[in-house]
Each structure stands twice: as C-alpha cells, then as structure tokens.
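The lines below spell out each chain.
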Amino acid sequence: MSELYRRYGKLLTLIMILLTAFWLLALVIIPNIVLFEFSFESYLPVDQLGGPLDVYSLKNYETFIYSPIHIRIFFQTIIYSSLVTLLCLCMSYPVAFYLAKVIRIENAPTIFLLLLIPLWVSEILRSFAWFIILSFQGPLNALLLGIGIIGKPIRWISGFNGVIIGLIYSYILFMLFPVYNAISSLDSNQIEASEDLGAPLWRTHWRVVIPHAKPGIASGCVMVFMLCAGSVIVPSTLAAPNSRWFTEIIQQWMFEGLDWNVGSAYAFLLLVLCILFVSIVMRVLNVRLVDIAK
Amino acid sequence: MSEAVELSKVSMDFAQFRAVNKVDVTIKAGEFFSFLGPSGCGKTTILRLISGFMDPTEGAVKIGGVDMIGIRPNARPTALIFQNLALFPLMPVWENISFGLEVRGVDKATRRAKAEELLNLVELYDSADKKISQLSGGQKQRVAIARALAVEPKVMLLDEPLSALDLKLRQHMRAELRAIQKRTGVTFIYITHDQGEALAMSDRVGVMSQGILQQVGTPMEIYNNPANGFVASFVGENNIFEGTVKSVKAGVASFATALGNFETRLGKGVAAGSKAKIYVRPEHTALQKTTAPKANSVPVEVGDVAFEGNFVNIFVRDRLGGTHMIQAQNDPNIALPANGSKMHMVFAPEHAVVLAAAATSSQS
Ligand SMILES: Nc1ncnc2c1ncn2[C@@H]1O[C@H](COP(=O)(O)OP(=O)(O)OP(=O)(O)O)[C@@H](O)[C@H]1O
Ligand SMILES: [Mg+2]
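Now for a look at the structure at hand. (Residues numbered from 1 in each chain as written. Chains lettered and ligands numbered in written order. Predicted model: local features only at pLDDT ≥ 70, side-chain atom pairs only at ≥ 80, totals over all residues. Heavy atoms only, no water.)

Focus: the sheet that holds strand β20 (residues 352-355) of chain B
All names here are of chain B. Selection rule: A pair of strands is labelled paired if DSSP reports no fewer than 2 bridges between them. By definition, any uninterrupted DSSP run of H or I lasting at least four residues is a helix, any uninterrupted run of E lasting at least two residues is a strand, and each is numbered from the N terminus. Comment: axis = line fitted to C-alpha atoms, over the contacting stretch for helices; angle = value between 0 and 180 degrees taken between N-to-C directions.
In spatial order, the strands read β11-β12-β13-β20-β14; together these five strands close into a barrel with mixed pairing. Between one strand and the next, the sheet's axes are offset by a mean angle of 55 degrees, whatever the strand orientation. Both strand β11 (residues 239-249) and strand β14 (residues 275-280) contribute to a ladder of six bridges, which runs antiparallel. In the sheet register, Glu 242 faces β14, and the bridge partner there is Lys 277.

Printed below as a string of structure tokens:
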C-alpha cells in the first residue's frame with residue numbers, strides 16, 4: 001500500500017483504489033447481494049408485490065430439498081466434476097513434470113504457446129468442435145473405422161462421456177499451470193538426491209515431488225472443480241439427454257421458468273455446497289488455504 | 001565396507017565441448033581421495049559420472065571391479081553429497097536421514113533408531129524431530145552426511161560440501177569429515193577447488209585442469225614435486241622465471257633467463273633447448289646483501305613487507321619489473337629489510353625446478 005503511494009502519488013493511488021473498489025462492489029458484491037435477497041423472496045405477480053405474501057422465507061430452498069431429481073443432479077454434478085478434476089490432475093501431472101524438469105528450458109516457451117492457442121478460441125466454439133468430433137457420424141469415428149481400430153461406430157456422446165471430455169479439454173490448463181509452477185520451483189538436486197539414495201521413480205514422486213507440488217496441485221484442483229461445477233456451455237452442448245448438470249437447472253428456473261427467486265436460491269446452494277465440499281476435501285487431504293494462496 | 005573406484009580413459013562430451021578428457025585413475029578402497037581444480041575444470045562432471053547421473057562418452061567406470069555403465073544412480077553403491085546438500089525440506093531431520101532405509105523397506109522403529117544412531121555419529125544430538133529450516137549451516141552439513149551414511153555406501157562422493165560454510169566451521173568440519181571417514185572406512189571421493197582443504201584432508205589428490213587430470217599423488221608429492229607448471233602454480237605459491245634450457249648435466253639443468261643463468265633441477269617432459277619456466281617456492285628463497293657463491297641469485301629491490309605472524313612475506317621487484325615473493329620464518333631477532341633497499345634474492349639449485357606447462361589434450 002505505502003509502496004503504491006510512493007510510486008504513483010496520492011491522487012493516482014486514490015483513483016486506483018476507488019476503481020478497484022467500484023469494480024468489486026458494482027460487478028461482484030452488489031449483484032450477488034441482490035441475488036441473495038432474491039433467493040429469500042417469492043415469485044409473485046406484479047400486483048402482489050409489497051402485499052402480505054411478499055415476505056422473506058426459506059421456501060425457495062425447500063423447493064430443492066423436496067425435489068429428489070434436483071438433488072440427484074446436484075450430486076451427479078459434484079461427482080462428475082470431481083472425476084474431471086481427478087482426470088485433469090492425472091493427465092497434467094506428467095506433462096507438468098516433463099515441462100518443468102525434463103525438457104530444456106529454451107524449448108518451454110514454444111510448448112506453452114502451443115498449449116495456449118486453443119484457449120484463445122471461445123469456449124462455445126470449442127464445445128461445438130468437440131460436438132462435431134464426437135458425433136456418431138463424426139471424424140473421430142471415421143478415423144477409428146478407417147484405421148480399423150473399431151468395427152462399428154461408437155456413440156461417444158452418451159451418458160456423461162461427452163461432458164467429461166469437453167470439460168477436461170476446457171479446463172485442463174487451469175490444472176497444468178499451477179502444477180507446472182509448483183514443480184518448477186523444486187530444486188532438481190532433490191530429485192537426484194532421492195534417486196541417489198536408492199528411490200525408484202514412483203517413490204521420488206510420492207515423497208519428494210508431490211509433497212512439494214501440493215499447493216499447486218490443490219489450487220489447480222479447486223480451480224478446475226469450481227469451473228466444472230459452474231460450467232454452463234460445455235454441459236449444455238455436449239450432454240446426452242439423460243446427463244444433466246446442476247447449472248442447467250438454474251438456467252431453467254431463471255430463463256424458462258422465469259422464476260429468478262428459486263434460480264437464485266439454487267445458485268447459492270451450488271456455491272455454498274461446493275465451497276463446503278472443497279473445504280472438507282482440503283481438510284481430509286490436510287491442505288491449508290494459505291498454501292493455495294501462495 | 002568400501003570399494004575401489006576405477007576410471008579408465010573416461011571422457012565426457014557436452015555437444016562440442018569436452019568437459020572431462022581421458023581421465024585415468026584408480027581410487028583405492030578406503031581411501032580419502034580429492035579432486036582439486038579451478039572452477040569449471042570438470043570436477044562435478046566426474047562425480048556425476050561415478051554416481052551414475054550420466055554415462056561417459058568414452059571409457060569405463062568401475063566400482064569394486066564391476067562395470068557401472070548403464071546402471072542408474074539408485075542401483076550404484078555410492079552416495080552423493082550435493083554441492084547445495086539437497087536435503088528434503090518437507091521431512092523432519094530423522095526422515096531425511098532414514099530416507100534411504102525407507103526406500104529399502106525398513107520398518108519405522110528400526111529407521112528411527114538408525115537415524116538416532118547416525119545423529120550421534122555426526123554429533124548432532126536431540127535434533128531428530130527438528131525441521132531442516134531450523135538447522136544452522138553446519139548442522140545441515142552433518143544431516144547431509146548422516147543421510148548419505150545411512151544407506152551404507154561403499155563409496156561416498158562429496159561435491160564441495162564445505163564451500164558454503166564460514167572459515168572456522170569449515171576447518172572444524174574438515175577434521176570431522178576426516179574422522180568420520182576413518183571411523184567408517186568408506187572410500188571418500190572429495191571435490192574441492194580449495195587447495196588447503198585438499199592437502200589437509202586427503203590420502204591422495206588428483207589435480208585437474210580443463211578436464212584433464214594433471215597429476216595424482218599424495219599431498220606431499222603434489223606440493224614438493226609438481227608434475228608441471230599448472231600444478232606448481234595452482235597448489236601453493238611459486239616464483240616463476242621464463243627462459244630456455246641450455247644444457248643438462250647429471251640431472252642439473254643450466255637455464256638461461258633475461259636476468260642471468262640459473263642452475264635448477266629438471267622436471268619431466270622438458271628437453272634441452274626448449275623454452276620453459278622455472279618454479280621456486282617462496283619458502284625456499286632468501287634475501288641477502290651480497291650474492292651467494294653456490295646458489296642462484298637475482299638482484300632485486302624490496303617492496304612491501306607483510307608480517308603474517310608465524311612468517312613474513314617480502315615482496316620484491318627484479319630489474320625487468322617481475323615481482324617475486326620471499327617467505328621467511330618469524331623469529332624475535334628477524335631484521336626486516338627496508339622498503340626500497342637493493343638486495344639479492346637467492347635460492348638453491350635443488351629447490352628450483354624447470355617444468356613444462358600443463359598437459360593438454362594433444363599430449364595425453
Ligand atoms: N549438462 C551440461 N551441459 C553442458 N555443459 C556442461 C554440463 N555440465 C557441465 N558442463 C560444462 O562442463 C564444464 C565442467 O563443469 P563442472 O560442473 O564439472 O565443473 P566444476 O569443476 O564442478 O566447477 P565448479 O567448481 O564451478 O563447480 C563446465 O564448463 C560446464 O559449463
Ligand atoms: Mg562443481
């Protein structure tokens with residue numbers, strides 16, 4: 001703070017702080033507070049607004065508790081988001097290790113550029129691209145049939161398969177970068193010391209690399225999990241008829257049912273329950289919030 | 001308990017650059033052997049070749065008579081102490097020390113007991129449960145040694161492990177390392193660019209320059225009979241005169257310089273008629289008012305005099321501007337020459353030696 005003061009002077013510092021405060025307040029806090037209030041009000045016809053029925057209640061939240069389908073979809077969202085997180089971790093870790101410790105440092109920027117290019121394409125386009133790739137008559141099946149790996153086309157987009165593939169593709173870099181950062185800060189001599197003391201590769205990773213990379217792994221996991229659970233575009237593009245995502249229910253309440261009150265309640269439930277879930281997992285795995293903030 | 005390490009014609013190339021050039025040496029079982037050389041001469045590379053982090057481009061590495069090429073570090077009977085120690089900061093001290101045992105599937109109680117035992121060996125008591133970050137530099141050093149000893153290596157490799165310590169602790173740890181080596185009987189291969197360290201600790205020293213092993217010998221041999229000019233000037237101080245070998249008679253060379261003729265011993269690889277340099281240790285020279293009849297003598301002008309306590313260094317300048325150092329033992333009656341006085345620097349023929357420059361790749 002005093003650093004800012006010294007560097008930019010009083011006026012500029014004040015302007016910057018005010019702008020940040022405005023951004024936080026107007027674009028993050030106030031809309032959330034409004035939605036939060038919404039979630040306790042009832043969806044009423046205009047003429048009853050301010051009438052005897054216009055009181056705060058937990059009715060909207062009860063809607064969730066009394067809808068077994070919604071509860072099931074909620075748990076599906078949590079479970080499949082966890083699965084995507086886990087798969088992202090399993091796929092990112094070796095790549096991150098390879099980038100951080102195996103390849104020559106001069107080659108890293110090129111590879112990062114190649115990894116980043118897909119991220120410049122909008123999420124909608126990427127989801128549609130996967131929709132096309134995975135479709136029954138699509139290029140993936142054509143390719144696999146062509147080289148004779150499969151005998152007849154596979155229905156890729158069934159159950160949660162499509163959603164899982166799409167989510168992994170969309171969010172894997174949010175896992176890769178923090179894990180890469182964490183691993184590259186490890187002194188390579190420690191890896192060698194472990195090997196020199198007789199450790200096979202897996203033990204070096206288990207005892208030396210992973211403990212060191214834990215904060216990075218944790219922040220990657222939290223990020224990917226929250227992005228997955230809150231994702232709208234991928235599930236709505238790549239879902240099969242029987243695989244629904246909790247965000248789709250929220251969307252339904254808000255834009256099809258036009259009931260913003262229940263929609264808000266559902267949105268807050270998702271947020272609160274996800275935070276709860278993440279905290280429990282972090283507690284179980286003995287990760288602290290300060291580690292992630294680093 | 002310990003094994004011999006045999007390097008035969010070992011070379012290591014990094015792309016175009018030859019970091020180690022045909023190094024040929026056998027380190028005996030139970031020996032304390034030092035590689036001594038300036039920064040970048042390939043010392044660490046040799047250690048990494050022995051520990052197995054890389055294999056030589058040419059030549060063979062044998063430990064206890066077994067060819068080690070292609071064997072990973074985790075399967076070699078060596079333990080390496082890294083230049084920066086590379087302790088595991090997230091494990092407490094005792095887990096660091098017993099990591100090698102954990103790898104070998106030893107149960108926790110035995111591991112803990114062994115760690116305590118090793119902590120006693122390196123004289124670090126009550127530190128088993130400390131974090132690495134709570135230790136001082138010297139204590140970390142000891143933990144690194146204990147960690148390496150825990151796997152009962154046949155050969156211990158140490159890469160300048162004392163370079164990060166202050167002078168006092170360094171001298172203390174030198175003695176300690178030497179004592180641990182004696183107690184355990186393990187072959188120690190020690191790397192340093194500090195000649196004092198190498199001379200004080202080692203049974204034998206290998207002096208390296210630009211990837212080439214220049215000389216192998218006991219500290220006394222290295223100091224008293226350097227094989228070539230590089231060794232002579234890298235290990236200890238020397239006064240150097242350039243000139244030509246005129247003739248050789250009964251092992252005594254007659255050496256012509258711009259300052260006059262000297263009689264000297266003749267080192268290996270120098271032929272009559274060739275250009276070379278002679279090397280004289282400061283402690284083998286003296287200052288006199290007159291020339292000495294049986295010794296070599298150079299007229300000089302006295303410059304600075306540095307009183308070092310047990311001895312005195314007198315810096316002098318010859319007629320051509322070359323500076324030399326004369327070292328005299330201190331005694332209460334010593335008469336120090338005045339700055340600017342004209343005197344003679346004298347040295348006996350048996351204390352001066354003509355040496356060729358360092359061995360280069362074309363010669364070996
Ligand atoms: N992996 C590598 N790739 C390319 N060159 C290397 C590599 N490792 C070492 N070298 C080069 O080989 C030479 C010897 O390096 P080495 O680390 O063995 O020196 P050293 O004697 O241990 O020096 P210091 O006393 O500074 O530690 C150096 O010139 C170095 O640049
Ligand atoms: Mg080195």
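Overview of the pairing of β20 of chain B
Residue and element names in this part refer to chain B. Our working definition: We call a residue buried when its accessible area falls under 20% of the maximum for its residue type, exposed when it is over 50%, and partly exposed in between, using a 1.4 Å probe and counting protein chains only.
The two faces of β20 match: Ala 352 and Val 354 on one face and Val 353 and Leu 355 on the other face are all buried. Bridge analysis of strand β13 (residues 260-266) against β20 gives two bridges, and the strand direction is parallel. Its bridge partner lying in β20, Arg 265 is registered against Val 353. The sheet contact formed by β14 and β20 spans four bridges and is antiparallel. Paired with Val 280 across the strands is Ala 352, a residue of β20.

Examining helix α12 (residues 260-284) of chain A
Residues and elements named next belong to chain A. Cut-off, in case you're wondering: Given a helix with a known number of residues, its expected span is that number minus one, times 1.5 Å.
Under the 1.5 Å per step criterion, the end-to-end length of α12 is 36 Å for 25 residues, consistent within 8% with the ideal 36 Å. Listing the buried residues of α12 in full gives Asn 261, Val 262, Gly 263, Ser 264, Ala 265, Tyr 266, Phe 268, Leu 269, Leu 270, Cys 274, Val 278 and Met 282. Asn 286 occupies a position one or two residues after α12 and carries a positive phi of about 60 degrees.

Considerations on the interface of chain A and chain B
For clarity, the threshold we go by: Contacts between residues were defined by any pair of non-hydrogen atoms, one from each residue, lying within 4.5 Å. The term buried area means the drop in 1.4 Å probe accessible area that two parts suffer when joined, counted for both and summed. The salt bridge definition used is simple: a Lys or Arg side-chain nitrogen within 4 Å of an Asp or Glu carboxyl oxygen.
Taken together, the contact pairs 17 residues of chain A with 25 residues of chain B. In this assembly, chain A packs against chain B so that about 1,900 Å² is buried in total across both faces, 53% of it on carbon and sulfur atoms. Per-residue buried area on chain A facing chain B is highest for Asp 196, Leu 197 and Arg 207 of chain A; these three make up 39% of the total on that side. In this structure, the connection of chain A to chain B is made through five salt bridges. Taking the shortest distance from any N to any O, the salt bridge between Arg 48 of chain B and Glu 192 of chain A comes out at 2.7 Å.

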